[in-house]
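Structural characterization, general
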Amino acid sequence: MRACSGLGRAASFSSFSSGEGVGAGGRPPRRAWEKSLSPLERVRRMLPPEKAAEVGLCAAAPPASGEERVAASPEVAATQPGPFRAGELVLAELRRKYNRTLKLMCRLVAGSVLTSNGGLLPHRDIIGQMPGQMLRTSGGVRLQVRRPSLEEYVLLMPRGPTIAYPKDISAILMMMDIHPGDTVLEAGSGSGALTLFLSKAVGPKGRVISYEIRDDHHSLAKKNYRHWCAAWKIGHTEEWPDNVDFILKDISTAAMDMKSLTLDAVVLDMVNPQLALPVVQPSLKQGSVCAVYLANITQVIELLDRIRTSRLPFLCEKIIEVTHRDWLVLPAKIKSFKSSQVVETQENIEETLQKEYEENYIQDQVVLTESEYNEPLSDDTETPCSVPYVARPSSWQDAHSAFLIKLRKFGPLHA
């Protein structure tokens with residue numbers, strides 16, 4: 001066996017050195033000058049002369065950096081934020097003490113001025129700036145300017161009736177399980193807050209049909225929707241989808257309209273949703289969800305009683321109210337009071353309970369190290385990790401706003 005293997009190695013070496021053997025995979029072995037060529041040069045030698053010249057030009061061009069390649073991508077370029085332009089919405093944030101933020105939203109007009117508690121800021125100083133820029137007002141106060149999110153827009157836009165708050169809208173969207181391309185019916189346009197979120201959820205290929213019985217609410221919802229779409233078109237490369245049909249009509253009298261519709265989901269934001277259920281029920285797909293937004297529990301009971309007595313094909317899967325708990329977490333330092341260092345005496349023991357309470361309350365107070373407008377601390381005032389933090393629930397909480405009821409349409413029972 002040892003002699004055979006040696007013979008095999010000798011035969012392999014002789015065939016390779018003579019140039020008549022084959023390489024791995026049955027291919028002829030490469031010549032020495034071929035091994036020294038780059039892959040690009042080997043490809044260029046195989047092409048016609050005119051194509052080879054184009055390859056040579058590409059090879060001579062300097063390679064683009066990672067940032068240049070990303071910027072050249074059309075998908076990335078479409079999502080990169082550009083500078084502010086006249087006509088779009090801007091949100092100015094004024095940071096205050098105790099983690100409070102004053103938010104001001106306006107539409108940029110070249111000759112207008114943004115007025116705040118910290119001074120004036122001409123719109124011409126904002127136009128051309130990039131979002132996230134810190135600017136100073138005439139009073140020397142810092143403002144951060146950026147484009148508002150949809151959540152911030154619906155909270156700051158003009159409103160007539162009380163809006164559906166974003167914390168509730170997010171729960172409603174999860175209840176309804178909406179997908180891009182769906183057809184959704186909304187009864188109760190209100191100020192247009194929920195309508196805008198539905199428009200975003202169903203996308204350009206979807207459709208939102210929004211009914212409103214009051215003329216003033218109908219006009220306001222359309223106005224808020226148009227203003228958001230116009231500002232979005234200026235500040236972004238793509239347009240907001242034009243997928244909402246605003247209809248001024250009582251939904252309880254729209255039975256004929258429903259015959260031509262097939263609905264993937266329904267949301268009812270109205271005082272008497274039980275009047276709309278028999279109308280929208282035939283057009284709602286079997287197994288789909290109807291979400292109801294009600295202000296008090298009495299309305300919830302009336303709704304469920306009407307479903308039971310009228311034998312409507314809806315199952316109540318869930319009744320919830322959404323609450324958020326905001327927290328305050330900020331650098332702080334304990335004040336040094338003489339009362340905390342006083343040795344107890346007979347007089348101290350005989351002090352009134354009210355005075356003891358006041359002293360204990362004062363000793364437990366913390367003083368925020370920020371200035372009125374949240375100026376950052378300088379390096380020479382505090383060393384890293386030397387400042388204690390205060391963490392407690394915020395004094396202002398977003399508590400109950402409405403009850404959310406999830407109704408699912410079921411089909412007939414088969415034996």
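Residues numbered from 1 in each chain as written. Predicted model: local features only at pLDDT ≥ 70, side-chain atom pairs only at ≥ 80, totals over all residues. Heavy atoms only, no water.

1. Observations concerning the overall build of the protein
When you go through the protein residue by residue, the secondary structure sums to 16 helices and 16 strands. The buried share of the protein, reckoned over its 415 residues, is 34%. Total accessible area computed for the protein in this model is approximately 25,700 Å², and 56% of it derives from carbon and sulfur atoms. (Helix = DSSP H or I, 4+ residues; strand = E, 2+ residues; numbered from the N terminus. Buried < 20%, exposed > 50% of the residue type's maximum accessible area, 1.4 Å probe, protein only. Areas by Shrake-Rupley, 256 points an atom, 1.4 Å probe, with all protein chains shown as cover.)

2. Thoughts on the sheet that holds strand 10 (residues 263–268)
In spatial order, the strands read 9-8-7-10-11-16-12; together these seven strands make up an open sheet with mixed pairing. The sheet terminates laterally at strand 9 (244–248) and strand 12 (314–320), the two strands that pair on one side only. Strand-to-strand twist across the sheet, computed as the mean angle between neighbouring axes with direction ignored, equals 15 degrees. For strand 11 (residues 284–294) and strand 16 (residues 403–409), the ladder comprises six bridges, and the chain directions are antiparallel. What sits directly across from Leu 294, in strand 16, is Phe 403. The strands touched by helix 10 (residues 193–202) within the sheet are strand 7 (183–187), strand 8 (207–212), strand 9 and strand 10, with strand 8 carrying the most contacts at an inclination of about 165 degrees. Across the face of the sheet, helix 11 (residues 215–235) comes into contact with strand 8 and strand 9 while running at roughly 165 degrees to strand 9. (Pairing = 2+ DSSP bridges. Axes fitted to C-alpha atoms, helices over the stretch in contact; angles between N-to-C directions. Contact = heavy atoms within 4.5 Å.)

3. What about the sheet that holds strand 2 (residues 101–107)?
Sheet strands pair via backbone hydrogen bonds, and the direction of the pair is either parallel or antiparallel. The four strands lie next to each other as 2-1-6-5, forming an open sheet whose pairing is antiparallel. Strands with a single pairing partner mark the edges of an open sheet, and in this sheet they are strand 2 and strand 5 (133–136). Looking at each pair of strands side by side, their axes are set apart by 30 degrees on average, direction ignored. By the bridge criterion, four bridges tie strand 5 to strand 6 (residues 142–146) in an arrangement that is antiparallel. Looking at strand 6, one finds that Met 134 is bridged to Gln 144.

4. Quick word on the pattern of salt bridges
Applying the stated criterion across every chain yields a total of 14 salt bridges. Between Glu 93 and Lys 103 there is a salt bridge; the shortest N-O distance is 3.9 Å. Placement of the pair is Glu 93 in strand 1 (residues 89–95) and Lys 103 in strand 2, with a sequence separation of 10 residues. Taking the relative accessible area as the measure of exposure, Glu 93 reaches 11% and is therefore buried. A salt bridge links Glu 317 to Lys 406; the nearest nitrogen and oxygen atoms lie 3.5 Å apart. Here Glu 317 is found in strand 12, whereas its partner Lys 406 is found in strand 16, with 89 residues between them in sequence. (Salt bridge = Lys/Arg side-chain N within 4 Å of Asp/Glu carboxyl O.)

5. Details of the nonpolar core
In terms of nonpolar packing, the biggest core is built from 37 residues, with Val 154, Met 176, Leu 198 and Trp 228 touching the most fellow members. Sorting the residues of this core by element identifies helix 8 (150–156), helix 9 (166–176), helix 10, helix 11, strand 9, strand 10 and strand 11 as the ones contributing at least two each. Each residue touching Val 154, except ones within four places of it in the same chain, is listed here: Arg 159, Ile 163, Pro 166, Ala 193, Leu 196 and Phe 197. Counting residues in each nonpolar core, the second largest holds 27 residues, with Leu 185, Ile 209, Ile 251 and Leu 261 among its members. (Core = buried A, V, L, I, M, F, W, Y, C linked by side-chain atoms within 4.5 Å.)

6. A closer look at the packing of aromatic side chains
All chains considered together, the criterion is met by five aromatic pairs. Relative to Trp 228, the ring of Tyr 153 lies with its centre 4.9 Å away and its plane at 45 degrees, an arrangement referred to as tilted. Here Tyr 153 is found in helix 8, whereas its partner Trp 228 is found in helix 11, with 75 residues between them in sequence. A relative accessible area of 2% means that Tyr 153 is categorised as buried. (Phe/Tyr/Trp six-rings, centres within 6.5 Å; stacked < 30°, edge-to-face > 60°.)

7. Details of the confidence of the model for the protein
With 68% of its residues at a pLDDT of at least 70, the protein reaches an overall mean of 78. Taken as a whole, residues 1–22 scores under 50 in pLDDT and shows eight contacts with residues more than four places along the chain or in a different chain. (pLDDT = per-residue confidence, 0-100.)

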